[in-house]
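Overview (structure and organization)
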Amino acid sequence: TVSARKTAKCSGPGASAPLAWRGFRTLIVVASREESSDVRSFAFAAEDGSPLPPSLPGQHIVVRVRPNPDAPAITRNYSLCGLPGSPNYRIGVKNEHGLASGYLHQSIRAGRHVEVSAPRGSFTLADGATPVVLISAGVGVTPMLAMLHAVAARDAVAPRRVWWLHSARDRTHHSFAQEADRLLVALPASHRCVAYSRPTPADILGRDFD
């Protein structure tokens, strides 16, 4: 993912869409679920139920939390991993057992409120019908998943060949595996290659990984 950030074709030379709002906005958590043994997803929505401003596939948001009410708030950047243009925002957070990730995993569930920035960043998928290669490892899958969602949503209008290359430790650490597979199966010109660095005896070659 790091290499892709340096070379990805953006929507324009150094282009970044204008921010939908400045600073932080309080959103409500409407869903939270385990995506693998160490990654949990969080979906945020507006408190009044109105759709959130659309994001571009590959953008990220800044999340501000206060694990200790007597200490300053802390901020972290998280890539959006849902369908761009959906009314909610979704992120995937790996539990690094740090202040932010540990607090999100342990304490934040549906119904809680979190301060969130507007989507930002120029690491976005370009429009068009050119082939797309999406390469990621571990939780680095999140911006690629948003791009895959975007390609799938536009396939009927602008079909593209897609190569999905992902590496995980094993099946229990393979985040969003079923979701990515559903999208790839629906794309007639898609190619999938998943590598496991430490497959377990329960991981099946040709089914779970390639």
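Residues numbered from 1 in each chain as written. Predicted model: local features only at pLDDT ≥ 70, side-chain atom pairs only at ≥ 80, totals over all residues. Heavy atoms only, no water.

Structural notes on the overall build of the protein chain
Helix and strand counts for the protein chain come out as 4 helices and 9 strands. Along the protein chain, helices and strands appear, N-terminal first, in the series α-β-β-β-β-β-α-β-β-α-β-α-β. By the compact-globule yardstick of 17 Å for 210 residues, the protein chain fits well, its C-alpha radius of gyration being 17 Å. Along the first, second and third principal axes, the C-alpha set of the protein chain runs to 50 × 45 × 30 Å. (Helix = DSSP H or I, 4+ residues; strand = E, 2+ residues; numbered from the N terminus. Rg over C-alpha atoms; globule rule 2.2 N^0.38 Å.)

Looking at the pairing of strand β1 (residues 25–34)
Residues in a regular strand project their side chains so that they alternate between the two faces of the sheet. Where β1 and strand β6 (residues 113–116) come together, 4 bridges link them in antiparallel fashion. Looking at β6, one finds that Arg25 is bridged to Val116. Bridge analysis of β1 against strand β2 (residues 39–45) gives 6 bridges, and the strand direction is antiparallel. Bridging across to β2, Ser32 finds its partner in Phe42. The turn linking β1 back onto β2 is made up of 4 residues. (Pairing = 2+ DSSP bridges.)

Focus: the packing of helix α3 (residues 141–154) against helix α4 (residues 177–186)
Interhelical geometry of α3 versus α4 gives an angle of 25 degrees and a closest axis separation of 10 Å. When the axis of α3 is compared with that of α4, the two are roughly parallel. Here the hand of the crossing between α3 and α4 comes out left-handed. Seen from α3, the contacting residues are Leu145, Leu148, His149 and Ala152; seen from α4, they are Glu179, Ala180, Leu183 and Leu184. (Axes fitted to C-alpha atoms, helices over the stretch in contact; angles between N-to-C directions. Parallel < 35°, antiparallel > 145°, perpendicular 65-115°, else oblique. Left-handed = near helix turned anticlockwise from the far one by under 90°. Contact = heavy atoms within 4.5 Å.)

Description of the packing of aromatic side chains
The tally for this structure, following the rule as stated, stands at 2 aromatic pairs. Centroid distance Trp21 to Tyr89: 6.5 Å. Interplanar angle 15 degrees. Geometry classified as stacked. Of this pair, Trp21 sits in the loop between α1 (2–7) and β1 while Tyr89 sits in strand β5 (residues 89–94), placing them 68 residues apart in sequence. By relative accessible area, Tyr89 is classed as buried at 2%. An angle of 20 degrees between the planes, with centres 4.8 Å apart, marks the rings of Tyr196 and Phe209 as stacked. Of this pair, Tyr196 sits in strand β9 (residues 190–196) while Phe209 sits in the segment after β9, placing them 13 residues apart in sequence. Stacked on the ring of Trp21, the Lys or Arg Arg25 has its end atom at 5.1 Å from the ring centre. (Phe/Tyr/Trp six-rings, centres within 6.5 Å; stacked < 30°, edge-to-face > 60°. Buried < 20%, exposed > 50% of the residue type's maximum accessible area, 1.4 Å probe, protein only. Lys NZ or Arg CZ within 6 Å of the ring centre and 35° of its normal.)

A word on empty space enclosed by the protein
The final tally for this structure, using the stated rule, is 2 cavities of 30 Å³ or more. If you add up the space inside the largest cavity, you get close to 60 Å³. What lines the largest cavity is simply Pro53, Pro54, Ser55, Leu80, Gly82, Leu83, Pro84, Gly85, Ser86, Asn88, Tyr89 and Arg90. Residues that form the lining of the largest cavity fall into these classes: 6 nonpolar, 5 polar and 1 charged. (1 Å grid on protein atoms, 1.4 Å probe; cavity = no way out; pocket = protein on both sides within 12 Å on 5 of 7 lines; lining within 4 Å. Points joined across faces, edges and corners; volume = space filled by probe spheres on them. Nonpolar A, V, L, I, M, F, W, Y, C, P; charged D, E, K, R; others polar.)

Here's the deal with the side chain of Ser55
By the element assignment, Ser55 lies in the loop between β2 and β3 (60–65). Look past the residues within four positions of Ser55 in its chain and what remains in contact with it is Leu80, Pro84, Gly85 and Pro119.

Side note on the pairing of strand β7 (residues 132–137)
Across the two faces of β7 the burial differs, with Val132, Leu134 and Ser136 buried and Val133, Ile135 and Ala137 not buried at all. Pairing between β7 and strand β8 (residues 162–168): 6 bridges, direction parallel. Bridging across to β8, Ser136 finds its partner in His166. For the crossover that starts at β7, traverses α3 and ends in the parallel β8, the hand is right-handed. (Right-handed = clockwise from strand over helix to strand, strands pointing away.)

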